[in-house]
Amino acid sequence: MNRNTMRFALFGNPLGHSLSPLMHGAAFREMGLDASYRAIRVENVREIPAEMERLDITGASITIPHKTGIMPYLDTISVSAERIGAINTVTRENDRLRGDNTDWAGLIHALKEKIDIAGKRVVVLGAGGAARAAVYGILHERGIPVIVNRTVDTGQQLAREFECDFVPLKGIGTISADCLINTTPVGMFPDMESSPVPREVLPHFDCVMDIVYNPLETRFLKDAAAAGCGVISGIAMFVHQGAEQIRIWIDLEPPTELMEQVVLEKLRNETN
Ligand code: ATR
């Protein structure tokens, strides 16, 4: 690293086995950029703007638990991030900080590889930040989101805010739709045998997507494939949210295929 090296970072806590440094590092290398990307654990969200300035960081990925808490520390926030209520991307330009959300665009990119969203009913399982990004994206593409959540109050509140339908998780057997997206953490390593829904309901959906990508094939996706549904793994969303961050930070086209390849390789090695 020298004075001209562009610096990027991931801020979160815990950082666990985040794949972002591997993915962004590979992208920058392939693009021939003099750029570094490192993971920095911060307990207090207030440390993020200070660290960005101290380390001269141009762009940052923000992850759990700081995606909402960072908002008051930013000078500007994109319309989509404001509506979703969460930031996963911060850009520092002339000592001003801008917040964006690329999760929704990543999810939509992944979904569009399988379905044309306009006019389609898409069930969103969950009511947290990831669900908000999904609902925002589906509405942006003129699809029809339906929220399904375990806690009725939280689900109803989100449905009211985005003016869409709500069905309690217990009633999921009563609905059918073009697509079902899991935005809950159920099925994520090490809880690999759990699925957010009973497998009997899966034939009611043409296409099923999981935002969980570790393991690559969750119990939910295995059940969906066995039920004959089209399946979309969470890896496509992860790669495209990261690619969109690079476009925002430096306005260059990232090598998405290579990014997917390095992440897939790492996850496959971890499974074996
Ligand atoms: P994020 O911001 O990453 O989306 P979150 O805000 O913690 O995460 O939201 C997690 C979502 O997953 C919530 O909607 C939660 O449902 P509740 O509102 O009922 O808590 C859902 N969730 C988590 N664990 C779940 C489980 N075991 N079964 C069903 N839903 C679950």
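Residues numbered from 1 in each chain as written. Predicted model: local features only at pLDDT ≥ 70, side-chain atom pairs only at ≥ 80, totals over all residues. Heavy atoms only, no water.

### With respect to the pattern of salt bridges
Once the charged atoms of two side chains with opposite charge are near each other, the side chains can pair.
Right, so step 1: Under the counting rule described, the total for this entry stands at 15 salt bridges.
Right, so step 2: Of the charged contacts in the structure, one is a salt bridge between Glu-161 and Arg-132, with a shortest N-O distance of 2.7 Å. Taken together, the residues span a long stretch of sequence, with Glu-161 in helix α6 (residues 152-161) and Arg-132 in helix α5 (residues 129-140) at a distance of 29 residues.
Right, so step 3: Among the residues examined, Arg-132 registers a relative accessible area of 18% and is labelled buried.
Right, so step 4: Residue Arg-219 pairs with Asp-223 through a salt bridge whose shortest N-O separation is 3.2 Å. Taken together, the positions of Arg-219 and Asp-223, both in helix α7 (residues 219-226) and four residues apart, correspond to about one turn of that helix. The same class applies to Arg-219 and to Asp-223, which are both buried.
Right, so step 5: Within the structure, one salt-bridge network assembled from shared partners comprises Glu-193, Arg-199, Arg-219 and Asp-223. (Salt bridge = Lys/Arg side-chain N within 4 Å of Asp/Glu carboxyl O. Helix = DSSP H or I, 4+ residues; strand = E, 2+ residues; numbered from the N terminus. Buried < 20%, exposed > 50% of the residue type's maximum accessible area, 1.4 Å probe, protein only.)

### Some remarks on the sheet that holds strand β9 (residues 165-168)
Right, so step 1: Strands sit in the order β9-β8-β7-β10-β11-β12 across an open sheet of six strands; the sheet is parallel. Strand pairing shows two members of the sheet lacking a second neighbour, β9 and β12 (230-232), which therefore form its edges. Strand-to-strand twist across the sheet, computed as the mean angle between neighbouring axes with direction ignored, equals 20 degrees.
Right, so step 2: Pairing of strand β7 (residues 121-125) with strand β10 (residues 177-182) involves four bridges; the strand directions are parallel. Following the sheet pairing, Val-124 is matched in β10 by Ile-181. (Pairing = 2+ DSSP bridges. Axes fitted to C-alpha atoms, helices over the stretch in contact; angles between N-to-C directions.)

### What to know about the sheet that holds strand β6 (residues 96-100)
Right, so step 1: The strand order β2-β1-β3-β5-β6-β4 describes an open sheet built from six strands, whose pairing is mixed. In this open sheet, the two strands that pair with only one neighbour each are β2 (35-41) and β4 (76-77).
Right, so step 2: Bridge count for strand β1 (residues 6-12) against strand β3 (residues 57-62) is five bridges, and the pairing is parallel. In the strand pairing of β3, Leu-10 is matched with Ser-61.
Right, so step 3: Running at roughly 170 degrees to β2, helix α1 (residues 20-30) makes contact with β1, β2 and β3 of the sheet. (Contact = heavy atoms within 4.5 Å.)

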